[in-house]
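Commentary on secondary and tertiary structure
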Amino acid sequence: MLTKRIIPCLDIKEGRTVKGVNFVELRDAGDPVELAKIYSDEGADELVFLDITATVDKRKTLAELVTKVAKAINIPFTVGGGISTVEDVKVLLNAGADKISINSSAVKNPQIINEMAAEFGSQCIVVAIDTRNVDGIDFVHTHGGRRATLLKTQEWAQEVCERGAGEILLTSMDHDGTKAGFSNELLAEISSALSIPVIASGGAGTMAHFKDVFTFGKADAALAASIFHFKEIGIPELKRYLADSEISIRN
Amino acid sequence: MKIAVIKYNSGNVQSVLYALERLGVQAELTDDAEKIRSADKVVFPGQGEASTAMKYLKKRNLDTLIGDLKQPFLGVCLGLQLLCEHSEENDTKCLGIFPVKVKKFVPENSQEFKVPHVGWNELEDLKNNPLLADLPANPFVYYVHSYYAELSNLTLASTHYIHDFSGILHRDNYYAIQAHPEKSGLVGEKLLSNFLRI
């Protein structure tokens, strides 16, 4: 039976792992390759690396990191952060990334999703959507959630699916960093409407939140960062808990 | 031991090379017929679209070469599908090593079953074969695919998604895995190291 995936997310700045609380305050949580290896050994199903480096050397340092990770670990991983062209994708896939994720660049130029999917296949194109609820309506936000757009989240999710995205990574900016649970209603609405997998992100605080996001939220995978980095929840205990809760999980 | 990894227009071959490297073997990525013919083992990875891949193989006469090989041969993902007889992906005639048809997943309920089939799923009904030696019961492997090979008497292990399909196929010196062993943790490593011992 196909299992639900647990995905630790590593935020990367200049080759080091960081995690922002609500994306503003950054804390150092170690060496990405070492951390990736630990998570892989502990039973993480996949990893996501989100690069927030803003320097001119960004592309080169990221490709170098991807090569190091690909040599060290034997589970799939996705790389995102500032990817905007077909050439960016080619460099990262050739370095050993399994999938790439795009966010602001897709909002700015939706056609890039079609181009990337045609060139490399939908299976390696993840579209990340940051969403925030404004007066009862869910709107897509860009630039780490700081910039609002006029796109309604549900409509944008449908559009990226039609344009050839292979998966959607949906982050609720209202829930991110709160540890109060995932945005289950919105996730369920989007996951039910789409024919591609949805990765839930933002709000994980307890093991029960993961159970809820797989049942009520109908998510195919759940992503979290700080609770794993600061060892508030261990992946082995989380997977045991989910298996005991009759969630289909890889053990 | 000389391992040739067949080079063609397919994505993410690098991961297969790294996985072999982690097992302590140096593999050469090549489309040179002589190098492939003289290798001890041949790996045929793949990700991409079937008809484009077949055109590329034919243009370089790699299609006939693959059919003539006698050493242990391992197809992975699209590599498995290309070893079959025919794929529904753009109505493509494939290499025909396995007399098996490749079809597209068509879910009856698209909420319950999404396509592609992405993630970790179990290999079931494992046959007694050196490729599957010392694996745990119903081991998990990582899948990413929209097309699948039907069950056949060549099926070494099946996987269930919507219905049962061939997870692993075997005929003579030809082995093929639909999942990505290079991304399937310890189980994947075991499959690859078993193949290297065949």
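In this text, all values refer to a predicted model and were calculated from it rather than measured experimentally. (Residues numbered from 1 in each chain as written. Chains lettered and ligands numbered in written order. Predicted model: local features only at pLDDT ≥ 70, side-chain atom pairs only at ≥ 80, totals over all residues. Heavy atoms only, no water.)

1. Describing the UniProt feature "active site" (unreviewed entry) in chain B
Residue and element names in this part refer to chain B. Within the UniProt annotation, "active site" (unreviewed entry) is assigned to Cys77, His180 and Glu182. Taking the farthest pair of C-alpha atoms as the criterion, the annotated set spanning 106 residues converges on one region, since that pair is 10.7 Å apart. Discounting chain neighbours no more than four positions away, the residues touching Cys77 are Gly46, Val144, Ile177, Gln178, Ala179 and His180. With respect to the helices and strands, Glu182 occurs in the loop between strand 13 (174–177) and helix 6 (185–197). (UniProt positions renumbered as here; feature names shortened; annotations may be inferred. Contact = heavy atoms within 4.5 Å. Helix = DSSP H or I, 4+ residues; strand = E, 2+ residues; numbered from the N terminus.)

2. Observations concerning the sheet that holds strand 10 (residues 147–149) of chain B
All names here are of chain B. Read from one edge of the open sheet, four strands run 6-5-7-10, paired in mixed fashion. Bordering the open sheet on either side are strand 6 (92–93) and strand 10, each of which pairs with just one other strand. Both strand 5 (residues 86–87) and strand 6 contribute to a ladder of two bridges, which runs antiparallel. Pairing of Ser87 across the sheet is with Thr92, part of strand 6. (Pairing = 2+ DSSP bridges.)

3. Topic: the nonpolar core
Counting residues in hydrophobic clusters, the biggest one holds 74 residues, and the most contacted among them are A:Leu47, A:Phe77, A:Ile100, A:Ile102, A:Phe210, A:Phe214 and A:Phe228. Among the elements that take part in this core, helix 2 (residues 58–72) of chain A stands out by supplying five residues, more than any other. Setting aside residues up to four positions removed in sequence, A:Ile102 forms contacts with A:Ile83, A:Ile112, A:Ile113, A:Met116, A:Val126, A:Val127 and A:Ala128. Among the nonpolar cores identified, the runner-up in size contains 35 residues, and B:Leu20, B:Leu74, B:Leu131 and B:Ile177 belong to it. (Core = buried A, V, L, I, M, F, W, Y, C linked by side-chain atoms within 4.5 Å. Buried < 20%, exposed > 50% of the residue type's maximum accessible area, 1.4 Å probe, protein only.)

4. Concerning the UniProt feature "active site" (unreviewed entry) in chain A
Residue and element names in this part refer to chain A. According to UniProt, the "active site" (unreviewed entry) feature falls on Asp11 and Asp130. Structurally, Asp11 can be placed in strand 1 (residues 5–13). Asp11 gets classed as buried once you look at its relative accessible area, which sits at 5%. Here Asp130 shows up in strand 7 (residues 125–134). Given a relative accessible area of 6%, Asp130 falls into the buried group.

5. Considerations on the interface of chain A and chain B
Each partner contributes residues to the interface: chain A has 35 residues there, and chain B has 28 residues. Across the interface of chain A and chain B, roughly 2,500 Å² is buried in total on both sides, 52% from carbon and sulfur atoms. When the area that chain A buries against chain B is broken down by residue, the three leading residues are A:Leu2, A:Asn74 and A:Gln123, summing to 26%. Seen at the junction of chain A and chain B, the total is two salt bridges. A salt bridge links A:Asp220 to B:Lys114; the nearest nitrogen and oxygen atoms lie 3.0 Å apart. Remark: the boundary between chain A and chain B carries 19 residue pairs in polar contact (both at pLDDT 80 or more). Elements supplying a minimum of two residues to the side of chain A that touches chain B: helix 2, helix 3 (86–95) and helix 7 (184–193) of chain A. Sort the elements by how many residues they give to the side of chain A that touches chain B and helix 2 of chain A lands first, with four residues. Counted by class, the side of chain A that touches chain B contains 16 nonpolar, ten polar and nine charged residues. (Buried area = accessible area lost by both parts, 1.4 Å probe. Salt bridge = Lys/Arg side-chain N within 4 Å of Asp/Glu carboxyl O. Polar contact = N/O pair within 3.5 Å; in protein donor to acceptor, adjacent residues only side chain to side chain. Nonpolar A, V, L, I, M, F, W, Y, C, P; charged D, E, K, R; others polar.)

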